[in-house]
Amino acid sequence: MIRFLLLIVSGAIIGHTIIDATVSASAAQAGDRPNILWISCEDISPNLGCYGDAHAITPNLDQLARQGARFDRAFTPAGVCAVVRSGVITGMYPPSIGSQHMRSRIVPPADVKAFPELLRAAGYFTTNRSKTDYQFEPTPSIWDRQGNNHDDWRERTDPSQPFFSVVNITVCHESQIRHGEDKHRDVIAKIGETNKHDPDAVADSMPKYLPDTPATRKNWAWYHDNITLMDQMAGDVLRRLDQDGLTDDTLVVFWSDHGMGMPRGKRWIYDTGTLIPMIIRWPGNVDTNSVRKDLVSVLDLPPTMLAMAGLEVPRYMHGRVLLGEQEGKEPAYLFFHRDRMDEVVELQRGARDRRWKYIRNYEPHKTYAQRLDYMDEMPAMRDWRRLAAEKKLTGGQKNWFAVPKPIEELYDTANDPWELTNLADLPQYQERLARMRAATETWQEDIRDTGLIPEAVLMEEMKPADSVLVTEPPTIDVDGDFVSLRCKTEGASIVYQVKSDAAWGDWRLYTKSFSAPDSQVRAQASRLGYRNSEIVSGPSVTAK
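As the structure is a prediction and not an experimental result, all values here were calculated from the model.

Digging into the overall build of the protein
Point 1. The secondary structure content of the protein amounts to 13 helices and 21 strands.
Point 2. Across its three principal directions, the C-alpha atoms of the protein cover 85 × 55 × 45 Å.
Point 3. Counting every position in the protein, which comprises 544 residues, the buried fraction comes to 59%.
Point 4. In the protein, of all internal contacts separated by at least 6 residues, the share reaching a separation of at least 24 is 72%.
Point 5. As displayed, the protein offers around 21800 Å² of accessible surface, 48% of which is attributable to carbon and sulfur atoms.
Point 6. Considering the protein, the positive charge centre built from 65 side chains and the negative charge centre built from 76 side chains are found 3 Å apart.

This is the structure in structure tokens:
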């Protein structure tokens, strides 16, 4: 049964060694397709000026929102970076591929590809700067450029080639809220003393479940300072795009990998951990200064990008297209999951419509407040624990230390945005509770949720005896001046280089046989979750 759950998570075979990146008639020419730029940041909720945060100093992102669409109900399926990124890169809910446990190394099904590879196969120049937290190692087939030592889209040799560039900004990560006085002075030097947030001035907007202490106020102020710096860096990226004359031809997406890096935000499936800012600008295609109120998931981004590039969306993807003629219907619910975070094991599933949030706790005997070393470095978290031990917490501040937890939670987020008053036991809400419970269970069945399988069993199924899986080396076949590449490993992709005039060219993604007269060819095969093959060289190619 476990093998069935793992192997039947998807339905569309992309290809054994040759990727089928079918282009629709509406975008048959590469030049007709938009450039795509993602600016992603870390660990922030919608604490931007365009979302109404009175303390935000975010002029660049506010301008981006005026130039495009602001999404008011954009969510991540989980509350932590690598887990969410595993979903975004594949377009699938993490529990459907076993990537729900933080800092694990999984083997996705053979037919699942990282979606930038599909763009690359269709002619896009793909770059990433530079994070690859996918719960599996990135393969050389995904990106033309990866890491910090490149110049993004500017490294294209053909300026007419469409690009997909990802720029990840890390300065607002949870760790940067508590990075110390010396490092924070560097932040203030960059944003300017006049933009520094006063801890007492921002205290009125702190999450209501946190005790109001000097340390919490300081953490909240530094969180806002870091967002100001992130906004400056995002503005620099947008100015580069404008300097290159590419603004009108580029679809820009700004998003955060999950909610705020404050206690009971990051890692949790409350709105503080999953509600994010998302802005999309695409001149002439997205209405300026518009606001989207529909439910949106980051899992919608991969199918949307593929559709806007004129590509077919793989059937295994769980999101919908957000723009254009193929725009999908808003779902009744979005779904959420919480699983192991570092050394802490927890199991929650949840659902949300535009107003109501449902959470199912599978381990009610455990307190929410399990100790987690990394999280407990936050001064605000230490104050919260200290005041709990001293029995000085009041109201909703005490909820997080409850033992046992309720089996089910239900919140009216319109009237209770901090999700402090659980309505699950009240008789007037039983019909809604039952409806959301049933929807969550149906979703679990639909995606074949592996979360109820013990992690050790799950990993044994993927990697028996903790084995290291290695991609078979490719075979290079030469027929005259034509070269064909093959690999025996199911689901493998191949990249290759051509040497002419004594110099090796860039690594290219193999999609079909190619001509390389008077050249040498070498190739490498890879599959998600496997170790890359060795690089093999073929015989010299001679011109006919």
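Regarding the pattern of salt bridges
Point 1. Evaluated as defined, the whole model comprises 47 salt bridges.
Point 2. Taking the shortest distance from any N to any O, the salt bridge between arginine 70 and aspartate 72 comes out at 2.6 Å. Considered together, arginine 70 and aspartate 72 belong to a single accessibility category, that of buried residues.
Point 3. Here glutamate 181 makes a salt bridge to lysine 218, at a shortest N to O gap of 2.3 Å. Of the two residues, glutamate 181 is situated in helix H6 (residues 181–191) and lysine 218 in helix H8 (residues 214–243); the sequence distance between them amounts to 37 residues.
Point 4. Among the residues examined, glutamate 181 registers a relative accessible area of 40% and is labelled partly exposed.
Point 5. Lysine 218 sits in the partly exposed class, given a relative accessible area of 32%.
Point 6. Several salt bridges converge on common partners, so that one network encompasses Glu42, Arg85, Lys131 and Asp257.

A word on the sheet that holds strand E14 (residues 475–479)
Point 1. Taken together, three strands build an open sheet; the order of strands is E14-E15-E19 and the sheet is antiparallel. Strands with a single pairing partner mark the edges of an open sheet, and in this sheet they are E14 and strand E19 (514–515).
Point 2. Note that strand E15 (residues 482–486) and E19 share two bridges and pair antiparallel. Within the sheet, the bridge partner assigned to phenylalanine 482 lies in E19 and is serine 515.

Quick word on the sheet that holds strand E10 (residues 334–338)
Point 1. Strand order in the open sheet made by the four strands is E10-E11-E12-E13, with antiparallel pairing throughout. The open sheet has two edge strands, E10 and strand E13 (408–412), and neither has a second partner. Between one strand and the next, the sheet's axes are offset by a mean angle of 15 degrees, whatever the strand orientation.
Point 2. Where E10 meets strand E11 (residues 348–352), five bridges bridge the pair, whose relative direction is antiparallel. Across the sheet, phenylalanine 336 pairs through a bridge with glycine 350, a residue of E11.
Point 3. Seen against the sheet, helix H12 (residues 430–447) touches E10, E11, strand E12 (356–361) and E13 and runs at an angle of roughly 65 degrees to E12.

Re empty space enclosed by the protein
In this approach, a probe sized like a water molecule rolls over the atoms, and the result shows the empty space that is left.
Point 1. The full count for this structure, using the stated rule, is three cavities of 30 Å³ or more.
Point 2. Reported here for the largest cavity is a volume of approximately 110 Å³.
Point 3. What lines the largest cavity is a set of 13 residues, among which Trp38, Arg85, Ile89, Tyr134 and Val166 lie closest to the centre.
Point 4. Broken down by secondary-structure element, the contributors of at least two residues to the lining of the largest cavity are strand E1 (35–41), helix H3 (81–90) and strand E5 (163–169).
Point 5. Top element by residues in the lining of the largest cavity is H3. It accounts for three residues.
Point 6. When the residues that make up the lining of the largest cavity are grouped by side-chain class, the tally is eight nonpolar, three polar and two charged.
Point 7. In this structure, the second largest cavity encloses a volume near 70 Å³.
Point 8. Lining the second largest cavity are 13 residues, and of these Val112, Lys113, Gly491, Arg527 and Leu528 lie nearest its centre.
Point 9. When its residues are assigned to classes, the lining of the second largest cavity shows five nonpolar, five polar and three charged.

Describing helix H11 (residues 379–389)
Two residues of an α-helix separated by three or four positions point the same way, owing to the 3.6 residues in each turn.
Point 1. For H11, every residue scored as buried is listed here: Ala380, Met381, Asp383, Trp384, Arg385 and Leu387.
Point 2. Next to the buried residues of H11 lie H8.
Point 3. Residue lysine 391 follows H11 closely and has a positive phi angle near 55 degrees.

Here's the deal with the packing of H6 against H8
Point 1. Between H6 and H8, the shortest axis-to-axis distance is 10 Å and the interhelical angle comes to 45 degrees. In terms of their interaxial angle, H6 and H8 are classed as oblique. Remark: the crossing between H6 and H8 carries left-handed chirality. Where H6 abuts H8, its residues Glu181, His184, Val187, Ile188, Lys190 and Ile191 lie against Lys218, Trp222, Asp225, Asn226, Thr228, Leu229 and Gln232.
Point 2. For the contact of H6 with H8, the per-class residue count stands at five nonpolar, four polar and four charged.

Some thoughts on the nonpolar core
Point 1. Within the largest apolar cluster, 120 residues are counted, with the highest numbers of intra-cluster contacts made by Trp38, Leu48, Met230 and Phe254.
Point 2. Per-element accounting of this core gives the leading share, nine residues, to H8.
Point 3. Contact partners of methionine 230, with chain neighbours within four places excluded, come to Cys41, Ile44, Leu48, Leu61, Ile169, Val171, Cys172 and Phe254.
Point 4. Val483, Tyr496, Phe514 and Ala516 belong to the second-largest nonpolar core, a separate cluster that totals 16 residues.

Topic: the pairing of E13
Successive side chains on a regular strand alternate, one facing one side of the sheet and the next facing the other.
Point 1. In terms of burial, E13 is largely enclosed, as five of its five residues are buried.
Point 2. With burial as the criterion, each face of E13 is covered, one bearing Glu408, Leu410 and Asp412 and the other bearing Glu409 and Tyr411.
Point 3. In this structure, E12 lies alongside E13, joined through five bridges in antiparallel fashion. Paired with tryptophan 356 across the two strands is aspartate 412, which belongs to E13.

What counts and how
Residues numbered from 1 in each chain as written. Predicted model: local features only at pLDDT ≥ 70, side-chain atom pairs only at ≥ 80, totals over all residues. Heavy atoms only, no water. Helix = DSSP H or I, 4+ residues; strand = E, 2+ residues; numbered from the N terminus. Buried < 20%, exposed > 50% of the residue type's maximum accessible area, 1.4 Å probe, protein only. Contact = heavy atoms within 4.5 Å. Areas by Shrake-Rupley, 256 points an atom, 1.4 Å probe, with all protein chains shown as cover. Lys, Arg positive; Asp, Glu negative; His and termini not counted. Charge placed at Lys NZ, Arg CZ, Asp CG, Glu CD. Salt bridge = Lys/Arg side-chain N within 4 Å of Asp/Glu carboxyl O. Pairing = 2+ DSSP bridges. Axes fitted to C-alpha atoms, helices over the stretch in contact; angles between N-to-C directions. 1 Å grid on protein atoms, 1.4 Å probe; cavity = no way out; pocket = protein on both sides within 12 Å on 5 of 7 lines; lining within 4 Å. Points joined across faces, edges and corners; volume = space filled by probe spheres on them. Nonpolar A, V, L, I, M, F, W, Y, C, P; charged D, E, K, R; others polar. Parallel < 35°, antiparallel > 145°, perpendicular 65-115°, else oblique. Left-handed = near helix turned anticlockwise from the far one by under 90°. Core = buried A, V, L, I, M, F, W, Y, C linked by side-chain atoms within 4.5 Å.

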